[in-house]
Amino acid sequence: MNSELISSRNRGMGLLLVCLAVWLLASYTWQGNENPANALEQTGFVVDLNLASESELSLLPGVGPKTAKDIVAYRNRVGKFQSVDQLKQIPGIKKARFDAMSPYVTVGLQD
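Attention here is on the structure that accompanies the text.

Here is what the cut-offs are and how they apply
- Each chain carries its own residue numbering, running from 1 in the written order of its sequence.
- With pLDDT at 70 or above as the cut-off, local features in this predicted model cover only qualifying residues; side-chain atom pairs require 80 or more to be listed or tallied, and sums for whole chains, interfaces and linings still use all residues.
- Side-chain metrics in this entry use all non-hydrogen atoms of the structure; hydrogen atoms and water are not considered.
- We define a salt bridge as a side-chain nitrogen of Lys or Arg found within 4 Å of a carboxyl oxygen belonging to Asp or Glu.
- Secondary structure is summarised from DSSP: a helix means a run of H or I of at least four residues, a strand means a run of E of at least two, and numbering begins at the N terminus for each.
- Buried residues are those whose accessible area, probed at 1.4 Å on protein chains only, stays under 20% of the maximum for their type, while exposed residues exceed 50% and partly exposed ones sit between those limits.
- Any pair of Phe, Tyr and Trp rings, taking the six-membered ring for Trp, is counted once the centres come within 6.5 Å. Such a pair is stacked with planes under 30 degrees apart, edge-to-face with planes over 60 apart, and tilted for the rest.
- We call a charge positioned above a ring when the Lys NZ or Arg CZ atom is no farther than 6 Å from the ring centre and deviates by at most 35 degrees from the ring normal.
- Helix span, as expected, comes to 1.5 Å for every residue beyond the first.
- What the arc describes is the spread of directions from the helix axis to the C-beta atoms.
- The contact criterion used is simple: two residues touch if any of their non-hydrogen atoms lie within 4.5 Å.

### Structural notes on the pattern of salt bridges
Using the criterion set out here, one finds three salt bridges in the structure. We note a salt bridge from D70 to K66, for which the minimum N-O separation is 2.8 Å. Within this pair, D70 and its partner K66 are both found in helix α4 (residues 65–78), separated by four residues, close to a single helical turn. Taking the shortest distance from any N to any O, the salt bridge between K95 and D99 comes out at 2.6 Å. Here D99 and K95 lie together in helix α5 (residues 95–101), a separation of four residues that amounts to about one turn. Take D99: its relative accessible area is 37%, and that puts it in the partly exposed class.

This is the structure in C-alpha coordinates:
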(Lines give C-alpha, C1' and ligand atoms only; values in the text may rest on other atoms or scores of the structure.)
Protein backbone atom coordinates (compact mmCIF):
# COMPACT_ATOMS: atom_id res chain seq x y z
CA MET A 1 0.00 0.00 0.00
CA ASN A 2 2.79 2.41 0.89
CA SER A 3 4.58 1.84 -2.42
CA GLU A 4 1.29 2.44 -4.27
CA LEU A 5 0.97 5.81 -2.52
CA ILE A 6 4.54 6.77 -3.43
CA SER A 7 4.02 5.67 -7.03
CA SER A 8 0.80 7.70 -7.18
CA ARG A 9 2.62 10.75 -5.80
CA ASN A 10 5.42 10.35 -8.37
CA ARG A 11 2.86 10.24 -11.19
CA GLY A 12 1.13 13.27 -9.73
CA MET A 13 4.40 15.18 -9.50
CA GLY A 14 5.31 14.12 -13.04
CA LEU A 15 1.98 15.39 -14.35
CA LEU A 16 2.42 18.63 -12.44
CA LEU A 17 5.90 19.12 -13.95
CA VAL A 18 4.59 18.40 -17.45
CA CYS A 19 1.75 20.91 -17.00
CA LEU A 20 4.13 23.53 -15.66
CA ALA A 21 6.57 23.03 -18.53
CA VAL A 22 3.78 23.23 -21.13
CA TRP A 23 2.44 26.38 -19.52
CA LEU A 24 5.92 27.97 -19.42
CA LEU A 25 6.62 27.05 -23.04
CA ALA A 26 3.22 28.32 -24.17
CA SER A 27 3.57 31.64 -22.36
CA TYR A 28 7.14 32.02 -23.56
CA THR A 29 6.20 31.46 -27.21
CA TRP A 30 3.09 33.59 -26.84
CA GLN A 31 5.33 36.51 -25.87
CA GLY A 32 6.97 36.30 -29.30
CA ASN A 33 10.01 34.22 -28.46
CA GLU A 34 10.83 31.81 -31.25
CA ASN A 35 13.01 29.24 -29.50
CA PRO A 36 11.18 27.21 -26.83
CA ALA A 37 14.50 25.72 -25.71
CA ASN A 38 15.33 29.16 -24.31
CA ALA A 39 12.31 28.85 -22.01
CA LEU A 40 13.58 25.51 -20.73
CA GLU A 41 17.01 27.03 -20.19
CA GLN A 42 15.58 29.88 -18.13
CA THR A 43 13.46 27.62 -15.92
CA GLY A 44 16.14 25.05 -15.14
CA PHE A 45 13.85 22.28 -16.44
CA VAL A 46 15.64 18.91 -16.23
CA VAL A 47 14.24 15.44 -16.92
CA ASP A 48 15.55 12.28 -15.25
CA LEU A 49 15.91 9.65 -17.98
CA ASN A 50 15.23 6.88 -15.48
CA LEU A 51 11.93 8.32 -14.25
CA ALA A 52 10.47 10.34 -17.13
CA SER A 53 7.33 9.33 -18.95
CA GLU A 54 6.93 9.59 -22.72
CA SER A 55 4.98 12.84 -22.29
CA GLU A 56 7.73 14.38 -20.16
CA LEU A 57 10.43 13.29 -22.61
CA SER A 58 8.51 14.77 -25.53
CA LEU A 59 8.90 18.23 -23.97
CA LEU A 60 12.63 18.11 -24.66
CA PRO A 61 14.06 19.92 -27.68
CA GLY A 62 14.38 17.55 -30.63
CA VAL A 63 12.20 14.89 -29.02
CA GLY A 64 8.80 14.06 -30.44
CA PRO A 65 6.40 11.27 -29.53
CA LYS A 66 8.32 8.60 -31.49
CA THR A 67 11.71 9.44 -29.98
CA ALA A 68 10.17 9.62 -26.50
CA LYS A 69 8.64 6.18 -27.05
CA ASP A 70 12.01 4.87 -28.27
CA ILE A 71 13.77 6.22 -25.16
CA VAL A 72 11.28 4.52 -22.83
CA ALA A 73 11.49 1.27 -24.84
CA TYR A 74 15.30 1.35 -24.60
CA ARG A 75 15.09 1.92 -20.83
CA ASN A 76 12.64 -0.96 -20.45
CA ARG A 77 14.83 -3.27 -22.54
CA VAL A 78 18.29 -2.37 -21.20
CA GLY A 79 17.52 -1.12 -17.71
CA LYS A 80 18.32 2.15 -16.00
CA PHE A 81 20.45 4.69 -17.79
CA GLN A 82 23.91 4.88 -16.28
CA SER A 83 24.89 7.89 -18.39
CA VAL A 84 23.20 10.53 -20.53
CA ASP A 85 25.58 9.44 -23.33
CA GLN A 86 23.60 6.19 -23.62
CA LEU A 87 20.99 8.19 -25.53
CA LYS A 88 23.36 8.00 -28.51
CA GLN A 89 22.73 4.22 -28.65
CA ILE A 90 19.06 4.78 -29.51
CA PRO A 91 18.37 4.72 -33.26
CA GLY A 92 17.46 8.19 -34.51
CA ILE A 93 19.39 10.09 -31.85
CA LYS A 94 22.34 11.52 -33.70
CA LYS A 95 24.72 14.29 -32.62
CA ALA A 96 22.42 17.25 -33.36
CA ARG A 97 19.44 15.77 -31.52
CA PHE A 98 21.63 14.65 -28.62
CA ASP A 99 23.20 18.11 -28.37
CA ALA A 100 19.74 19.73 -28.34
CA MET A 101 18.38 17.56 -25.53
CA SER A 102 21.41 16.78 -23.39
CA PRO A 103 21.42 20.03 -21.35
CA TYR A 104 17.92 19.14 -20.12
CA VAL A 105 18.41 15.52 -19.07
CA THR A 106 20.05 13.84 -16.13
CA VAL A 107 20.48 10.34 -14.81
CA GLY A 108 19.46 9.77 -11.22
CA LEU A 109 20.45 6.35 -10.02
CA GLN A 110 18.03 6.08 -7.08
CA ASP A 111 16.73 2.63 -6.26
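What follows picks up the thread again.
### Section: the packing of aromatic side chains
Under the criterion given, the structure shown has one aromatic pair. An angle of 40° between the planes, with centres 5.4 Å apart, marks the rings of Y74 and F81 as tilted. Accessibility classification places Y74 together with F81 in one group, the buried group. Against the face of F98 rests K88, its NZ or CZ located 4.6 Å from the ring centre.

### Comments concerning α4
Look at α4: 20 Å from first C-alpha to last across 14 residues, which is about the 20 Å you get at 1.5 Å a residue. Those residues of α4 that fall on the buried side of the exposure criterion are T67, A68, I71, V72, Y74 and R75. The buried residues of α4 occupy an angular sector of 155° when projected down its axis, which confines them to one face. Exposed and facing more than 90 degrees away from the buried side of α4 are P65, K66, K69, N76 and R77. Residues of α4 that are buried in the fold lie against α3 (54–57) and α5. Taken from the residues just after α4, G79 is the one with a positive phi, measuring 110°.

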